[in-house]
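Coordinates in review
The primary structure of each chain is shown beneath.
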Amino acid sequence: MTGVQRHEIDASAPGSGPRAVAAEGNLGLAVTGDNNHTVVTNVIASDTPKSLPSVYQREIEYLAAANFQGRDSELAAMGEFAGGEDAVGTGYWRWLAPAWSGKTALMAEFALNPPAGVVVLAFFITARMAGRSDRTAFLATLQEQLRAYLQDPDIECASYGGFHYGLQRAAENALSNGCRLVLLIDGMDEDSGVESAVSGYSIAGLLPRVLPDGLRIILAGRPNPPVPSDVAPDHPIRSTSINHCLTESAVARAVREDAERSLEALIAAGGISLDLVGLTAAAGGGLSSADLASLTKEYTARRIEVVLGGATGRSFQLRPAQWAVHEHSPVALYSFAHQELLTGARHLLPVRLMQDYRDRIHEFVASYREAGWPADTPEYALMGYPQMLRERRDAQRLTALAIDQVRQDRMWQVTGSDTRALVEISDSFTLHRAAIEPDLTACVQLSHYRDLLKQKALNIPLGAIFAWAQAGHILKAVALISVRVEFALNDGRLFGFVLNAALEAGETDIVMAGVHSIPNTQAKDAALRHCSLLFSATGRWGEATEAARSISSPILRTSALVSVAQALVKEARTDEAVDLAYSAAEMARTIASPDRQASVLADVAEVLAKVGKKDEAVDLAYSAAEVARTITTPDDQAPALADVAKALAKVGKKDEAVDLAYSAAEVARTITTPDDQASARSESNGSGISGIGTGERDTSLGRGRKTRRSCIPRSCCCRCGRRHPRDR
């Protein structure tokens, strides 16, 4: 590492784009919350530097103080924490301070000029900048930064697991280059997902509890609101040991006074100045000069830029658009320079005047809806306006947006995903549920259009997904499979196909991260079982066992453990097989379904018999027989008895096995449904013990049976309820 540099990047380079960041080094995480918000990235260059896209350099510079002064001790403390030892041991640091303390300026300065050996990725949460204050925006921004830093266009951060995997890889990459990676997040107290259920959860809830080597996290925000409820009770950010108080800066105080005077002057001036304040306050920020010109209908975009760029425009701040581009550069969007200024403007302006400005915003967006959401639809109409509706709790208008399929298609074309459309549908549901009289018709419509979006995700051919995997694009394949599994719970097995390709590419950890991030437990268990089987088939015993033990369902876990144990027996890995067999037997006794419990115990008995644990095997086989006796439905009892009969034969109890096989056949004959009876008789005849023992019996079970005493202890194995003579 030779020093700190910043470089612009060619838009055609991997990982470039309006939100990409290139970096070299180790990751740490910094979060501040003085209500100033934008997205930031930074790069520390090594001898082969990666570049910081100019859009992010400009954005940081917009945030940074024009003449940053003081804070030397705070910057030094952050640098020491980022690159040195962590006295607390959690990897977290949190600045706490009230509004206007200079937190954002401090964070921007650190991002622009980090210490040598430190790489910065960042996100600045801004409630006053519509569409930039929830976990959807956070994950999308970090995804682009991680793609650029790792030079991997397949990085997917749409899920908790994908985001954590990206952080882990970035931290590992940083360590390998002798650096430390730091992630800065400003404005944690402005997370709109906490109060309005935007995106469902908070940004804080995404942060890892245990950090990988090379990752540091610095948080900062106001003392209130408290830590969001979706953060785990034992998470480090719930501890006061990571808190550090940030004193008010004299420079920040002067900036505040100047901005407040500027705002008051704009309102008092009336005319264009008043309109710009009112429209920005109504919209919540995120309007371009062209948008404001359309809204005022009296002034040109250039005239607006002159006004907001002058001395009286100090209460405003520019930020590059996420998606909108004009003449190859991101469109500049206006917001208030501080959240307190937005709040102040809304309090200062008369209620009727504010409503007039809101009506203009509604008409402005409606004009693009009537035009069919053309390609030149402003970014605010797609990303910012829904946030305004959420804040106003306008369920009717938000629902109309959420179910507009033409708009959904336009957002997909702009962002490359349906994530925002699904979030809008979810938030519309939330508003309707909170209403005193929910609009049930609207809820039905939302459900219908949500299903349509899900179906679009399911329509991607599996062949295409597997082709991506075979071509080495494992992350892309995992992301697509994750969507299918989320919307079609029976597709957990599909992870096994992608894992097969990942084994060749040496990227199995990507697949397993995707599996563990599956929200539905049933689908996750199915995926884990298939992955365990594949790991076992390829001799990756540790990973096979780990996947099996991670399954939550007792039935599937015991089945997976037995499968791994059986494979271990074939490879003469006796001790490992016995250990798994004992674990499976212990778990099997917790299974509520007697037919599944009996079958699993029988399987475990066979494993133990193969490794020479005959006594334990016999005991388990007898236990399985006893459980099988309790089954009351013939179509369940017959195959369970057949499984146990087979196990008894394998453990050397051939006479008992024959008796149980006959009982299975007799029970099968009582089944009245032809298909079920055929299946049960097939199970009974296929138990593998026909013709063994004395040789006196007809090999066709159920016919010509010679009466004899059973050697199985305790009650009869069938459902007659009698006790065998030897047990009387």
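The residue numbering used here restarts from 1 in each chain and proceeds along that chain's sequence as written. Only residues with pLDDT of at least 70 get local features here, since the model is predicted, and only at 80 or more are side-chain atom pairs given and counted; chain-wide, interface and lining totals rely on the full set of residues. Water and hydrogen atoms were dropped before computing side-chain values, which therefore reflect all heavy atoms in the structure.

Let us now look at the overall build of the protein chain. In this description a helix means any DSSP run of H or I spanning at least four residues, a strand means any run of E spanning at least two, and both kinds are numbered starting from the N terminus. Check the secondary structure of the protein chain and you find 30 helices and 9 strands. When each of the 728 residues of the protein chain is scored for burial, the buried share is 55%. Contact criterion: two residues are considered in contact whenever any of their non-hydrogen atoms come within 4.5 Å of each other. Sequence-distant contacts, at least 24 apart, represent 71% of the contacts inside the protein chain between residues at least 6 apart. Calculation of accessible area relied on Shrake-Rupley with a 1.4 Å probe; when residues are assessed, cover is drawn exclusively from the protein chains displayed. For the protein chain, the exposed area adds up to about 30400 Å²; of that, 48% sits on carbon and sulfur atoms. Accessible area is worked out with a 1.4 Å probe on protein chains only. A residue is then buried under 20% of its type maximum, exposed over 50%, and partly exposed in between.

Taking strand neighbours across the sheet as the criterion, the 3 strands line up as β7-β9-β8 in an open arrangement whose pairing is antiparallel. At either end of the open sheet lies a strand with only one pairing partner, and these are β7 (287-288) and β8 (316-326). By this definition, two strands are paired if DSSP reports at least two bridges between them.

Attention now moves to unusual backbone geometry. For the bond running from Asn224 to Pro225, omega is 5°, close enough to zero to count as cis. Looking at the secondary structure, you find Pro225 in the loop between β5 (215-221) and β6 (243-245). Not every positive phi belongs to a glycine, and Gln151 is a case in point at roughly 55°. Looking at the secondary structure, you find Gln151 in the loop between α4 (135-150) and α5 (160-176). You will see that Trp373, though not glycine, has its phi angle at about 50°, which is positive. Looking at the secondary structure, you find Trp373 in the loop between α12 (351-370) and α13 (379-392).

With that settled, the discussion passes to the packing of aromatic side chains. Under the pairing criterion, centres of Phe, Tyr and Trp rings, with the six-membered ring standing for Trp, must be within 6.5 Å; the plane angle then separates stacked pairs below 30 degrees from edge-to-face pairs above 60, leaving the rest tilted. Inspection of the entire model under this criterion finds 8 aromatic pairs. Judged by centre distance (5.5 Å) and plane angle (75°), the ring pair of Phe364 and Tyr368 falls under edge-to-face. Taken together, the residues span about one helical turn, with Phe364 and Tyr368 both in helix α12 at a distance of 4 residues. Residue classification places Phe364 among the buried residues on the basis of a relative accessible area of 7%. Through pairs of rings, three or more aromatic residues link up here, namely Phe81, Trp93 and Trp95. Charge-over-ring contacts are defined here by two conditions on Lys NZ or Arg CZ: a distance within 6 Å of the ring centre and an angle within 35 degrees of the ring normal. The ring of Phe81 carries the charged tip of Arg216 above its face, separated from the ring centre by 5.2 Å. A cation sits over an aromatic face here: Arg407 above Trp373, 5.5 Å from the ring centre.

Pairing geometry for β8 and strand β9 (residues 329-336), over 7 bridges, is antiparallel. When the bridges of β9 are listed, Phe316 appears paired with Phe336. Counted between consecutive antiparallel strands, the loop separating β8 from β9 contains 2 residues, among which Glu327 sits at a positive phi close to 55°.

Take the side chain of Ser536 next. Summarising the element assignment, Ser536 is placed in helix α22 (residues 521-537). Using a relative accessible area of 6% as the deciding quantity, one classes Ser536 as buried. Sequence-distant contacts of Ser536, that is, excluding residues within four places in its chain, are made with Trp541, Ala544, Ser563, Val564 and Ala567.

Bringing the pattern of salt bridges into the picture now. The salt bridge criterion pairs a side-chain nitrogen of Lys or Arg with a carboxyl oxygen of Asp or Glu, the two atoms within 4 Å. Tallied over the full model, the rule gives 19 salt bridges. Asp234 is the partner of Arg209 in a salt bridge, and the nearest nitrogen-oxygen pair spans 3.7 Å. Placement of the pair is Arg209 in the loop between α6 (192-196) and β5 and Asp234 in the loop between β5 and β6, with a sequence separation of 25 residues. On the accessibility criterion, Arg209 (42% relative accessible area) is partly exposed. One salt bridge in this structure joins Arg540 and Glu543, with 2.6 Å as the shortest N-O distance. With relative accessibility at 29%, the residue Arg540 sits in the partly exposed group. Note on Glu543: relative accessible area 27%, which makes it partly exposed. One network of salt bridges, with partners in common, ties together Glu144, Arg147 and Glu156.

All axes are obtained by fitting lines to C-alpha atoms, using only the stretch in contact for helices, and the reported angles, taken between N-to-C directions, cover 0 to 180 degrees. Viewed as axis vectors pointing N to C, helix α9 (residues 289-296) and helix α10 (residues 301-309) meet at an angle of 110°, and their least axial separation amounts to 8 Å. Here α9 lies roughly perpendicular to α10, going by the angle between them. As for how α9 packs across α10, the hand of that crossing is right-handed. On the side of α9, the interface is formed by Ser289, Ala290, Leu292 and Ala293, while α10 contributes Ala301, Ile304, Glu305 and Leu308. Residues of the contact of α9 with α10, tallied by class, amount to 6 nonpolar, 1 polar and 1 charged. Each angle gets one of four labels, with under 35 degrees taken as roughly parallel, over 145 as roughly antiparallel, 65 to 115 as roughly perpendicular, and the rest as oblique. Handedness of a crossing follows from how the near helix is turned relative to the far one, being left-handed for an anticlockwise turn of less than a right angle and right-handed for a clockwise one. Gly is placed with the polar residues, together with every amino acid not listed as nonpolar (Ala, Val, Leu, Ile, Met, Phe, Trp, Tyr, Cys and Pro) or charged (Asp, Glu, Lys and Arg).

Here we take up the pairing of strand β3 (residues 118-124). Regular strands place their side chains on alternate faces of the sheet. Buried residues dominate β3, accounting for 7 of its 7 residues. Burial along β3 is two-sided: Val118, Val120, Ala122 and Phe124 facing one way and Val119, Leu121 and Phe123 facing the other are all buried. Strand direction decides the pairing type here: β3 and strand β4 (residues 180-186), joined by 7 bridges, are parallel. The partner of Val120 across the bridge, within β4, is Val182.

For Glu156, the position within the fold is in the loop between α4 and α5. Its relative accessible area of 18% is what places Glu156 among the buried residues. Polar contact criterion, stated in full: a pair of N or O atoms within 3.5 Å, where within protein one must be able to donate a hydrogen and the other to accept it, and residues adjacent in sequence count only if both atoms are side-chain atoms. Among the polar contacts listed, one links the side chain of Glu156 to the side chain of Arg147, at a separation of 3.1 Å. Residues in contact with Glu156, not counting those within four places in the same chain, are Gln143, Arg147, Gly162, Phe163, Leu475, Lys476 and Ala479.

Let us look at helix α29 (residues 654-669). Take the number of residues in a helix, subtract one, and multiply by 1.5 Å to get its expected span. Look at α29: 23 Å from first C-alpha to last across 16 residues, which is about the 22 Å you get at 1.5 Å a residue. The buried count for α29 comes to 12 of 16 residues, which makes it a mostly enclosed element. If you check which residues of α29 are buried, you get Glu656, Ala657, Val658, Asp659, Leu660, Ala661, Tyr662, Ser663, Ala664, Ala665, Val667 and Ala668.

This paragraph deals with the packing of helix α14 (residues 395-402) against helix α16 (residues 419-434). Two elements in contact, α14 and α16, have axes whose closest approach is 9 Å; the angle formed by their N-to-C orientations is 155°. In terms of axis orientation, α14 runs roughly antiparallel to α16. The two elements α14 and α16 cross, and the hand of that crossing is left-handed. Contacts from Ala395, Leu398, Thr399, Leu401 and Ala402 in α14 reach Glu424, Ile425, Asp427, Ser428, Leu431 and His432 in α16. Partitioned by chemical class, the residues of the contact of α14 with α16 number 6 nonpolar, 3 polar and 2 charged.

Our focus in this paragraph is the confidence of the model for the protein chain. How sure the predictor is of each residue is captured by pLDDT, a score from 0 to 100. Averaged over every residue, the pLDDT of the protein chain is 78; the share at 70 or more is 80%. Ranking the elements of the protein chain by mean pLDDT puts strand β1 (residues 27-32) last with 39 and α12 first with 96. Low pLDDT, under 50, characterises residues 1-54; the stretch is placed with 262 contacts to residues that sit more than four places away or in other chains. The low-confidence segment residues 196-200, where pLDDT is below 50, has 16 contacts with residues more than four positions distant or belonging to other chains.

What is meant by a nonpolar core is a set of buried Ala, Val, Leu, Ile, Met, Phe, Trp, Tyr and Cys residues, joined one to another through side-chain atoms within 4.5 Å. Counting residues in hydrophobic clusters, the biggest one holds 120 residues, and the most contacted among them are Phe138, Ile185, Ile474, Phe495, Val511, Val604 and Val644. Once residues within four sequence positions are removed from consideration, Phe138 is found in contact with Phe123, Phe163, Leu183, Ile185, Ile203 and Leu206. Judged by nonpolar contacts, the second largest core, of 56 residues, contains Leu266, Leu276, Ala283 and Leu349.

Here we take up helix α2 (residues 72-83). With 12 residues, α2 should reach 16 Å at 1.5 Å per residue; the first-to-last C-alpha distance of 16 Å fits that figure. Buried within α2 are the following residues: Glu74, Leu75, Met78, Gly79, Phe81 and Ala82. Across the axial projection of α2, the buried residues extend over an arc of 165°, all falling on one side. Counted as exposed and oriented over 90 degrees from the buried face of α2: Asp72, Ser73 and Glu80. Contacts from the buried residues of α2 go to β2 (92-96), α3 (103-112), β3, β4 and β5. Here the arc refers to the set of directions running from the helix axis out to each C-beta atom.

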